[in-house]
Each structure stands twice: as C-alpha cells, then as structure tokens.
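Reading the structure
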Amino acid sequence: MAPPALRGLKNMNKPISDKKAILYFIGLMYPVTISASLYYSFKGPSPSFHVRHRNKINIMEKSDDIQKKRRHIVDEVLNAYNCRPTRDTEHVYDKNATFEDPLIFMNGKNPITAMIHGLPILTREFKTDSDKVEHYENAIVIKHNVTFQVGSFYRDSFPCTQYLILNEENDKIIKHVDMWNNKELWEFHNTEKIVKYINGSWISRVLFGIPSGRFFD
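Below or above, wherever it landed, is the structure these notes cover. (Residues numbered from 1 in each chain as written. Predicted model: local features only at pLDDT ≥ 70, side-chain atom pairs only at ≥ 80, totals over all residues. Heavy atoms only, no water.)

**Considering the overall build of the protein**
Each helix and strand in the protein was counted, giving 4 helices and 6 strands. The secondary structure elements of the protein, listed N-terminal to C-terminal, are α-α-β-β-α-β-β-β-β-α. Within the span of the protein, comprising 217 residues, buried residues form 44% of the whole. For the protein, the computed accessible surface area is about 12700 Å², with 56% contributed by carbon and sulfur atoms. (Helix = DSSP H or I, 4+ residues; strand = E, 2+ residues; numbered from the N terminus. Buried < 20%, exposed > 50% of the residue type's maximum accessible area, 1.4 Å probe, protein only. Areas by Shrake-Rupley, 256 points an atom, 1.4 Å probe, with all protein chains shown as cover.)

What follows is the structure in structure tokens.
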C-alpha cells in the first residue's frame, strides 16, 4: 500500500473534463488578469487620450437634430456618473451595447442598466468634475475627474476618459469604454475579456441589479 501522502497521486493521470479544465483556467487567470489590468491603468503618469481613425468635428456645424441628440447622450452619461440617473439614462444605450473598464465587460443593455441604477445605492459618493466634451465622427469623448467613495473606508479620485461610439443615427451608444487614469485598456489576446465578462455580465449584474430592482430589466 502506498504511503498516505502518495495515495492521491494514483488518479493524477486521469483526464479532467473540458468543463473542469475551463473552470480551472478561469480560476487561475482571474487574479492575474484583474491585477494586470489595474496595474496597467495606474502605473506611470496619466496620459492624454487621442482618438485614432476618427476625425474631430465641430458640433456647432452639425444640424440642430444631431446637436440635440448628442447633448442628450452627454447629459445622461454624466447623470449616470453623478449618481442621478433618470428614466432616460438607460435608453441612450443600444440594446446590444457594450461597456468596458479595467474591471468589467458588459454585453447588452440589461447589465448596463443594472449598473446605472445600482451605483447610487452601493456607493456613498460618485461624482465628476472638470467635464470636457469632444465630438468626433460617430463618437463622443468625455474627459473628467471621477471621485468615488465606498462606505466610510475608501475614497479616491482620478482622471477618466469616456469613449462613446455611437450608431449612425447619433442617438444611441453602441460601445462605451471607460479608461481609468486616461489609459487605454490592457489587452492580452482577448483572454482578459473572459474574466471581465464574468465580472460584468454576471457578478456586477447581481451586485447592482438586486439592490436596485433592475436585475431582470
């Protein structure tokens, strides 16, 4: 009979199922991916984000209709980031919109809605200042400082850039990228999206959705 310390080795050559292999992989990658993403966002000074492949536009030269639509989107995004969402805030996002920051990736309007209405409940403070808006072809960039506080034990403030990609009608957001410290998001062959998708579309949807009553929206 093998010694007690070695008895568990007899089944080590037994292959594990694909499902378990995926779970093990996610479990191993989770702390590494989140740590790397946060480290990348805050290492070094805050740069100035520059939009590539899109021309900057003078919004005052566009039609009144486009100006009105874009102004509405900016107002509602700032409402969300200042914990004062209205009934219209969630509707500036397309039903298939995505949201991504260094910690989460959300696919679809429902988890985004849960986050919008859950933030005022779960944070003691969440506000912006020094808002600066730039307009591009089918895109809006909002640069500002974001201050947030969770409970009475953690409060922080740092510059952020919101990169909003719009639909052709300029009335819905189809992609929202929140760049903390104005840093473009860390990527590693798209494996980071798997972990951030779990954070965003599963964990955050429950975390924000249940307290706000918007889990099923």
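After that view of the structure, there is still more to cover.
**Looking at the nonpolar core**
Membership of the largest hydrophobic core comes to 29 residues, with the highest contact counts inside it found for Ile 73, Val 77, Tyr 93, Leu 164 and Ile 173. Taken together, the elements giving at least two residues each to this core come down to α2 (64-81), β1 (93-100), α3 (109-122), β4 (139-150), β5 (154-166) and β6 (173-180). For this core, the element with the highest residue contribution is α2, accounting for 6 residues. When sequence neighbours within four positions are dropped, the list of residues in contact with Leu 164 reads Ile 73, Val 77, Asn 138, Ala 139, Ile 140, Ile 142, Ile 173, Lys 175 and His 176. Grouped together as the second largest cluster of nonpolar side chains are 10 residues, Phe 49, Ala 139, Tyr 163 and Met 179 included. (Core = buried A, V, L, I, M, F, W, Y, C linked by side-chain atoms within 4.5 Å. Contact = heavy atoms within 4.5 Å.)

**Examining the environment of Lys 62**
Looking at the element boundaries, Lys 62 is found in the loop between α1 (18-42) and α2. Excluding anything up to four places from it in sequence, Lys 62 contacts Ile 57 and Gln 67.

**Notes on the packing of aromatic side chains**
Across all of its chains, the model carries 10 aromatic pairs by this definition. Between the aromatic rings of Phe 158 and Trp 180, the centroid separation amounts to 5.8 Å while the plane-to-plane angle is 45°, which identifies the pairing as tilted. Here Phe 158, found in strand β5, pairs with Trp 180, found in strand β6; they are 22 residues apart in sequence, far enough to count as distant. Like Trp 180, Phe 158 is buried. Taking the centre distance of 6.1 Å and the plane angle of 70° together, the rings of Tyr 197 and Trp 202 count as edge-to-face. Feature note: the residues Phe 42, Tyr 81, Phe 126, Phe 148, Tyr 154, Phe 158 and Trp 180 constitute an aromatic cluster, connected by ring pairs. The positively charged end of Lys 193 is found above the aromatic ring belonging to Phe 105, 5.6 Å away from the centroid. (Phe/Tyr/Trp six-rings, centres within 6.5 Å; stacked < 30°, edge-to-face > 60°. Lys NZ or Arg CZ within 6 Å of the ring centre and 35° of its normal.)

**Structural notes on the sheet that holds β6**
If you walk across this open sheet you meet the 6 strands as β2-β1-β6-β5-β4-β3, and the pairing is mixed. Each of the sheet's edge strands pairs with one partner strand only, and the pair in question is β2 (105-107) and β3 (125-136). Each neighbouring strand pair of the sheet contributes to a mean axis angle of 20°, computed without reference to strand direction. Most of the contacts of α3 go to β1, to which it runs at about 65°, and overall it touches β1, β2 and β3. Of the strands in this sheet, β1 and β2 touch helix α4 (residues 191-212), which is tilted by about 65° from β2. (Pairing = 2+ DSSP bridges. Axes fitted to C-alpha atoms, helices over the stretch in contact; angles between N-to-C directions.)

**Some remarks on α4**
In this model α4 runs 30 Å from its N-terminal to its C-terminal C-alpha over 22 residues, within 8% of the 32 Å that 1.5 Å per residue would give. Helix geometry: α4 is bent most strongly at Arg 205, by close to 40°. (Expected span 1.5 Å × (residues − 1). Bend = angle between axes of the 7 residues up to and from the residue.)

**Concerning unusual backbone geometry**
The phi angle at His 53 is positive, at roughly 65°, despite the residue not being glycine. By the element assignment, His 53 lies in the loop between α1 and α2. Positive phi outside glycine occurs at Asn 170, with the angle close to 65°. Looking at Asn 170, the relative accessible area reads 8%, which means it is buried.

**A look at the side chain of Glu 125**
With respect to the element layout, Glu 125 can be found in strand β3. Side-chain polar atoms of Glu 125 contact the side chain of Lys 127, separated by 3.2 Å. (Polar contact = N/O pair within 3.5 Å; in protein donor to acceptor, adjacent residues only side chain to side chain.)

**Looking at the pattern of salt bridges**
Scanning the model with the defined rule gives 10 salt bridges in all. Across the pair Arg 52 and Glu 184 runs a salt bridge, and its minimum N-O distance is 3.0 Å. On the criterion of sequence distance, the pair formed by Arg 52 in the loop between α1 and α2 and Glu 184 in the loop between β6 and α4 is long-range, its members being 132 residues apart. Residues Glu 134 and Lys 143 are paired through a salt bridge, measuring 3.8 Å at the closest nitrogen-oxygen approach. (Salt bridge = Lys/Arg side-chain N within 4 Å of Asp/Glu carboxyl O.)

None of this, on its own, says anything about what the molecule does.
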